[in-house]
Amino acid sequence: MKLNHSWLKRLSVTCALTLSATFVAACSAPSETASTGEETAESVSAESAESYDGETIRISIGTQDQVINTAVGGATVRELGLLEKHLPTTGKYEGVEYEIEWSSYTSGPPITNKMLADQIDIGLMGDFPAVINLIKFQEELEGVTSTFIGTLAYSPNGAGNAVVVPKDSDVTSLADLKGGSVSVPFGSAAHGMVLKALSDAGVDPESDVELISQAPEVGGTSLRTGQIDAHADFVPFGELFPYRGFAKKIFDGAQTGVPTLHGIVVRSDFAEEHPAIVEAYLQAMLEANETFRESPEEISAQIEEWSGIEKEVVYMFLGPSGLQPINPSIGEVQLEALKNSIATLISLGKIESPVDPEDVTAWVDESFLKAAMENAGLDYDEVIAEGESYVISGKDALTDEDITEPKMAAQLWVQEEPTVTNFASIPNMVKQLNTLQGEGKAADVIFVHDRNKGWKLFGENAYYVTSGDEVSAFLLADDAEAFASESGGQVVSFKDLLQTYSASGPQPAQVSRLTQERLLLALERVLPMLAG
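## Observations concerning the nonpolar core
By size, the foremost hydrophobic cluster in this structure holds 117 residues, and its most contacted members are Val163, Tyr281, Leu282, Ile426, Met429 and Tyr464. For this core, the element with the most residues is helix α11 (residues 275-294), which contributes 10 residues. In terms of nonpolar packing, the next biggest core, distinct from the first, is built from 29 residues, Phe128, Val265, Ile330 and Val364 among them.

Okay, here's the thing in structure tokens:
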């Protein structure tokens with residue numbers, strides 16, 4: 001199994017990070033084919049029988065703070081001290097000193113390079129870099145492999161990856177990018193997505209566009225300054241850049257219908273020597289998942305402090321009815337994401353000696369995850385069900401009716417309020433928004449959901465269809481037009497809705513992006529860099 005080395009050399013180049021005062025960013029049914037918990041006893045017995053008393057054990061974890069899919073298993077575990085809480089301290093681990101090293105990167109390839117050099121033990125990354133990680137271990141090291149041991153968050157259809165262009169660009173489709181420049185973090189999940197999406201759109205990624213490797217922060221700056229025509233990226237930048245007001249989305253990864261994920265890989269020698277530590281990390285991740293689900297707004301706000309990614313965008317991905325369910329299992333959909341990544345590499349000629357995508361099942365091991373669940377007193381099937389059923393529920397804030405159709409629900413996060421306000425329907429939300437604006441209040445964000453797929457959308461950017469008293473939202477204009485034709489409804493804008501449900505005529509939506517707290521946080525990050 002050999003990768004195309006001229007291409008991989010570009011993957012390993014670390015992109016320089018740039019920062020401007022206007023762009024604030026911080027430092028990318030369970031499967032029967034996965035290994036079962038029956039292997040746990042064997043892995044535990046492989047652990048050294050000697051005592052580690054008086055020794056120092058290094059635990060090095062590479063994460064991506066700005067990649068929201070890794071924020072719960074990464075930054076949340078780190079900042080809340082959850083790993084320390086679950087590390088073994090009895091038996092052979094009595095008297096051990098743990099040296100926990102956390103490092104954060106903008107994409108997966110640098111983590112793989114550090115893992116190959118035995119500088120990182122556990123890595124958090126997307127599907128595309130994960131399969132590169134697995135292949136490079138087999139190619140470059142003898143006696144040590146990399147194992148995929150759990151999922152952080154995923155999308156069954158590819159939501160999260162996206163292609164964006166400058167807000168005032170005339171480009172509206174991938175076909176319009178012929179002859180232009182497109183940047184993407186090479187080796188990332190978004191890299192695989194944009195290569196396939198361009199090819200599907202009749203655009204040759206090798207000859208029809210100039211493909212440039214840029215980290216998310218660099219890509220954002222390049223969009224702002226007009227140095228590139230488009231930028232493709234992974235979670236959360238396809239939503240974050242439009243939210244910050246300088247970009248618009250022309251392609252959503254969900255349009256590919258191909259699943260995507262971020263997950264956890266571990267060096268086999270570390271896992272074999274210290275299975276109890278690997279289980280402890282996974283138990284910490286499981287607790288972080290539950291902590292987030294119990295208080296999504298509070299943890300989203302904390303993740304904003306840790307990563308610089310606005311809490312509204314964090315909530316959009318991981319909150320109830322979010323774009324990326326937090327399901328730690330490695331089921332058929334997750335395996336498909338990994339297999340598709342290999343298939344994409346093969347189809348694009350990036351693997352010299354073709355690898356059978358089915359080989360990925362041999363690189364996956366759920367035994368550590370199942371052991372962690374058992375240690376925590378959790379049921380495997382119940383954990384999966386909880387992650388998959390995490391949708392908007394409760395009562396409508398305006399009418400007190402039950403919210404029974406999450407796809408038709410809407411939400412407001414009113415400025416200075418700690419929690420999100422839920423509504424059973426878009427009309428109820430718009431009525432309440434008009435009332436709030438009449439009181440001089442503003443919403444930090446407005447959420448609606450795609451009628452067909454349930455994807456969470458920014459209210460101002462969605463397409464709407466009114467049919468009688470019912471209002472439906474859509475990600476794509478074509479879907480809105482098709483539903484309008486089918487239902488006899490009418491396609492309208494968000495501004496039209498505000499006028500329809502306002503007693504005093506049309507009102508602009510008051511959406512606040514910059515609070516005093518965020519301004520102070522931005523200054524704290526930027527001023528030392530400017531001074532240095």
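From this point, things continue past the structure.
## Here's the deal with the sheet that holds strand β6 (residues 181-184)
Strand order in the open sheet formed by five strands is β7-β6-β8-β5-β9, with mixed pairing between adjacent strands. The strands lining the two open edges of the sheet, one partner per strand, are β7 (210-213) and β9 (247-252). Adjacent strand axes in the sheet meet at a mean angle of 30° when their direction is disregarded. Bridge analysis of β6 against strand β8 (residues 230-233) gives two bridges, and the strand direction is parallel. Across the sheet, Val182 pairs through a bridge with Ala230, a residue of β8. Packing of helix α8 (residues 216-225) onto the sheet brings it into contact with β5 (162-166), β6, β8 and β9, and relative to β8 it is tilted by some 155°. Packing against the sheet, helix α9 (residues 237-244) makes contact with β5, β8 and β9, and its axis sits at approximately 150° to β9.

## Quick notes on the pairing of strand β16 (residues 470-474)
Consecutive side chains along a regular strand alternate between the two faces of the sheet. Among the five residues of β16, four are classified as buried, and the element is accordingly described as predominantly covered. Bridge analysis of strand β15 (residues 463-467) against β16 gives five bridges, and the strand direction is antiparallel. Following the sheet pairing, Tyr463 is matched in β16 by Phe474.

## Details of the environment of Ala215
In this structure, Ala215 sits in the loop between β7 and α8. Under the relative-accessibility criterion, Ala215 is labelled buried at 1%. In the structure, Ala215 is positioned 16 residues away from His231 in sequence and 9.9 Å away in space, judged by C-alpha atoms.

## Here we look at the packing of helix α3 (residues 72-79) against α11
Put simply, α3 and α11 touch, their axes get as near as 9 Å, and they point 95° apart. With respect to α11, the axis of α3 lies roughly perpendicular. Where α3 approaches α11, its residues Val72, Gly73, Thr76 and Val77 are matched on the opposing element by Tyr281, Ala284, Met285, Ala288, Asn289 and Phe292. For the contact of α3 with α11, the class distribution of residues is seven nonpolar, three polar and no charged.

## Examining empty space enclosed by the protein
Of the volumes computed, that of the largest cavity is approximately 190 Å³. Listing elements by their share of the lining of the largest cavity, those giving two or more residues are α6 (127-140), α7 (189-200) and α14 (332-347). Tallied by class, residues from the lining of the largest cavity come to six nonpolar, nine polar and two charged.

## Side note on the environment of His86
Take His86: it is sitting in helix α4 (residues 82-86). Judged by relative accessible area, His86 falls into the buried class, the value being 19%. Counting along the chain gives 197 residues from His86 to Gln283, while the straight-line C-alpha distance between them is 6.9 Å. Those residues in contact with His86 that lie beyond four places of it in its chain are Ala280, Gln283, Ala284 and Glu287. There is a polar contact of 3.3 Å between the side chain of His86 and the side chain of Gln283.

## A closer look at the packing of aromatic side chains
By the definition in use, this model includes 10 aromatic pairs. On the basis of an interplanar angle of 20° and a centroid distance of 5.9 Å, the ring pair of Tyr315 and Phe447 is categorised as stacked. Taken together, the residues Tyr315 in helix α13 (residues 311-318) and Phe447 in strand β13 (residues 443-449) connect sequence positions 132 residues apart. Overall, the relative accessible area of 2% leaves Tyr315 in the buried class. A relative accessible area of 0% places Phe447 in the buried class. Each residue in the set Tyr243, Tyr315, Trp413, Phe447 and Phe458 is aromatic and connected to the rest through ring pairs, giving one cluster.

## With respect to helix α18 (residues 477-487)
Those residues of α18 that sit buried are Ala480, Phe483 and Ala484. Angular distribution of buried residues about the axis of α18 spans 100°; they occupy a single face of the element. Turned more than 90 degrees from where α18 packs its buried face, Asp478, Ser485 and Glu486 sit exposed. Buried residues along α18 sit against β15, β16 and β17 (490-492). Immediately downstream of α18, the backbone of Gly488 shows phi near 75°, a positive value.

## Some thoughts on the sheet that holds strand β3 (residues 122-126)
Across the sheet, which stays open at both edges, the five strands sit in the order β2-β1-β3-β10-β4 with mixed pairing between neighbours. The open sheet terminates on both sides in strands that have one partner only, identified here as β2 (97-104) and β4 (146-155). On average, each strand axis in the sheet is tilted by 15° relative to the strand beside it, whichever way the strands run. As defined by bridge partners, strand β1 (residues 56-63) adjoins β3 across two bridges and the pair is classed as parallel. When the sheet's bridge partners are listed, Ile61 is paired in β3 with Ile122.

## A look at unusual backbone geometry
Put simply, Val235 and Pro236 share a cis peptide bond, and its omega is 5°. With respect to the element layout, Pro236 can be found in the loop between β8 and α9. Unlike most non-glycine residues, Asp118 shows phi in positive territory, near 60°. Topologically, Asp118 is positioned in the loop between α5 (109-116) and β3. Located in the positive-phi region is Ser321, a residue other than glycine, with phi close to 60°. Counting through the fold element by element, Ser321 comes out in the loop between α13 and α14.

Calculation notes
Residues numbered from 1 in each chain as written. Predicted model: local features only at pLDDT ≥ 70, side-chain atom pairs only at ≥ 80, totals over all residues. Heavy atoms only, no water. Core = buried A, V, L, I, M, F, W, Y, C linked by side-chain atoms within 4.5 Å. Buried < 20%, exposed > 50% of the residue type's maximum accessible area, 1.4 Å probe, protein only. Helix = DSSP H or I, 4+ residues; strand = E, 2+ residues; numbered from the N terminus. Pairing = 2+ DSSP bridges. Axes fitted to C-alpha atoms, helices over the stretch in contact; angles between N-to-C directions. Contact = heavy atoms within 4.5 Å. Parallel < 35°, antiparallel > 145°, perpendicular 65-115°, else oblique. Nonpolar A, V, L, I, M, F, W, Y, C, P; charged D, E, K, R; others polar. 1 Å grid on protein atoms, 1.4 Å probe; cavity = no way out; pocket = protein on both sides within 12 Å on 5 of 7 lines; lining within 4 Å. Points joined across faces, edges and corners; volume = space filled by probe spheres on them. Polar contact = N/O pair within 3.5 Å; in protein donor to acceptor, adjacent residues only side chain to side chain. Phe/Tyr/Trp six-rings, centres within 6.5 Å; stacked < 30°, edge-to-face > 60°. Arc of directions from axis to C-beta.

The values reported here are purely geometric and, on their own, carry no functional implication.
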